[in-house]
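# Descriptive structure summary
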Amino acid sequence: MTPQLALVDCNNFYVSCERVFRPDLTHVPLVVLSNNDGCVVSRSNEAKDLGIRMGQPWFECQALAEAHGMLALSSNYALYADMSNRVMSILSDYAARHEVYSIDECFVDLTGTPRLKQTSYDMRERVMAWTGIPVCVGLGPTKTLAKLANHIAKKHPRSKGVFNYNDLTPAQKTKLLGQIDVSEVWGVGRKISARLAEHGIHSVQDLRVAHTPTLRAQFGVVLEKTQRELQGTACLDLQEMVPDKQQIISSRSFGQTVTEVAVLKDAMSTFVANACVKLRAQGSYAALIHVFLCTNRFRQDLPQYNPSFSVPLPQPTNDSLVVNRWADHLVGRLFKPGYGYKKAGIMLGQITPVGHTQADWLEPAPAGDTRLMQALDGLNQRYGRGTVKVSTQGAHHAWQMKQERKSPSYTTDWQSLPCI
């Protein structure tokens with residue numbers, strides 16, 4: 001039986017989430033900006049038609065925005081995460097095997113599904129009806145071909161949002177892949193595309209039929225696997241279980257330059273809280289913390305200072321209070337007056353499962369109060385993140401990122417519920 005892997009991808013996801021609650025923006029050129037309202041990270045089709053590029057700095061777009069009435073919104077990650085969970089919950093009803101690949105993409109194994117084409121359209125229509133998010137479905141025998149089929153489903157209106165690569169004849173596959181630039185292949189970026197062009201590989205079909213030993217020698221085993229996937233041989237399995245993280249990083253660029261150590265410590269307390277929540281969620285301990293500070297590397301006219309320091313903990317822990325004490329101390333050691341800091345963060349390393357921690361003869365129990373952390377997580381999960389926090393967190397707001405254009409958190413905040 002031919003494998004039928006479907007990649008369901010939300011169209012212009014961040015923009016689509018905003019339009020669900022703002023139908024007046026349906027045909028308005030719209031973009032969503034990155035942290036601190038810096039760059040474009042999501043574009044409506046109308047904005048794409050104006051020539052707005054992904055990752056383009058917003059200050060470069062403002063003249064175009066004024067001329068064409070384009071609107072920009074700040075990122076609302078809580079809203080996007082909640083809408084993503086709703087979409088993925090719907091898709092999980094269609095197959096037991098599925099992989100949530102990213103916030104707006106999901107692989108679904110539809111192998112053996114009767115009336116496959118109709119099921120694909122039903123899946124698309126249900127997501128739209130239940131969430132308001134438009135999606136496209138691409139089907140193929142491998143993950144790489146499914147992603148390529150999804151690209152075709154988005155670009156060609158005749159497909160009506162669904163394209164099955166497996167329905168093509170060998171001649172049709174050769175003709176189609178010959179018309180698609182190799183840069184559209186999953187994992188092939190601009191630099192690799194330029195190198196492939198030097199070897200005469202310009203289209204997806206060129207990569208598909210390229211000499212395999214030469215390809216592996218010049219580009220490595222990863223691109224060889226991509227070629228085999230394009231040939232219909234599955235090299236990438238569905239990851240139904242997300243593996244535990246081996247490193248957890250929590251960092252952020254500040255909305256404005258920070259010059260006071262108290263403000264840096266306040267920001268670090270928030271980063272510690274976020275990192276430790278993730279650590280406890282996967283049932284792990286960390287035995288190493290790494291703290292770093294950064295000045296603004298884009299301002300070469302200002303003095304630069306980018307210190308960092310790693311500390312092995314006496315006992316592995318996932319306790320926010322314990323980690324926060326160490327982080328607070330390290331920030332004090334790293335801080336130097338006279339510099340303007342633009343970013344800071346913490347990394348937790350040497351992560352192991354809770355039950356696999358090696359005991360210490362002199363101090364057998366891991367540091368921290370497990371019951372206190374369970375209570376803290378329970379309250380924050382019930383009443384919202386940040387409801388209960390350590391005393392060093394939240395006293396200063398100078399480091400908070402800029403979100404001057406942020407929409408309400410319609411589905412995650414009681415105070416922001418839309419009223420009719």
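Quick look at the structure, then. (Residues numbered from 1 in each chain as written. Predicted model: local features only at pLDDT ≥ 70, side-chain atom pairs only at ≥ 80, totals over all residues. Heavy atoms only, no water.)

Looking now at the pairing of strand S3 (residues 40-43). By the bridge criterion, three bridges tie strand S2 (residues 30-33) to S3 in an arrangement that is antiparallel. Paired with Leu 33 across the two strands is Val 40, which belongs to S3. Taking the residues that link successive antiparallel strands as the turn, the S2-S3 hairpin has six residues, and the phi of Asn 36 there is positive, at about 60 degrees. (Pairing = 2+ DSSP bridges. Helix = DSSP H or I, 4+ residues; strand = E, 2+ residues; numbered from the N terminus.)

Our next topic: the sheet that holds strand S11 (residues 308-317). Taking strand neighbours across the sheet as the criterion, the four strands line up as S9-S12-S10-S11 in an open arrangement whose pairing is antiparallel. The open sheet has two free edges, formed respectively by strand S9 (248-258) and S11, since each of these has just one partner strand. Direction aside, the axes of adjacent strands within the sheet are offset by 15 degrees on average. Across the sheet, helix H12 (residues 261-281) touches S9, strand S10 (284-295), S11 and strand S12 (341-353), and the angle it forms with S9 is around 155 degrees. (Axes fitted to C-alpha atoms, helices over the stretch in contact; angles between N-to-C directions. Contact = heavy atoms within 4.5 Å.)

In terms of burial, helix H1 (residues 13-21) is largely enclosed, as seven of its nine residues are buried. For H1, the complete set of buried residues consists of Phe 13, Tyr 14, Val 15, Ser 16, Cys 17, Glu 18 and Arg 19. Taken together, the buried residues of H1 touch strand S1 (5-10), S2, S3, helix H2 (45-49), strand S4 (71-74) and helix H4 (77-91). (Buried < 20%, exposed > 50% of the residue type's maximum accessible area, 1.4 Å probe, protein only.)

Turning our eyes to something else, we now look at the pattern of salt bridges. Two side chains of opposite charge can pair, provided their charged atoms sit close to one another. Under the defined criterion, the tally for this structure stands at 13 salt bridges. A salt bridge links Asp 82 to Arg 86; its shortest N-O distance comes to 2.8 Å. Highlighted residues: Asp 82 and Arg 86, both in helix H4, separated by four residues, approximately one helical turn. Here Arg 216 makes a salt bridge to Glu 224, at a shortest N to O gap of 3.2 Å. One salt-bridge network, in which partners are shared between bridges, spans Arg 216, Glu 224 and Arg 228. (Salt bridge = Lys/Arg side-chain N within 4 Å of Asp/Glu carboxyl O.)

Turning to the pairing of strand S6 (residues 105-109), a few remarks are in order. In terms of burial, S6 is a largely internal element, five of the five residues being buried. Judged by which residues are buried, S6 turns out to be covered on both faces: Glu 105, Phe 107 and Asp 109 on one side and Cys 106 and Val 108 on the other are all buried. In the sheet, S1 pairs with S6 via five bridges, with the strands oriented antiparallel. The partner of Leu 7 across the bridge, within S6, is Phe 107.

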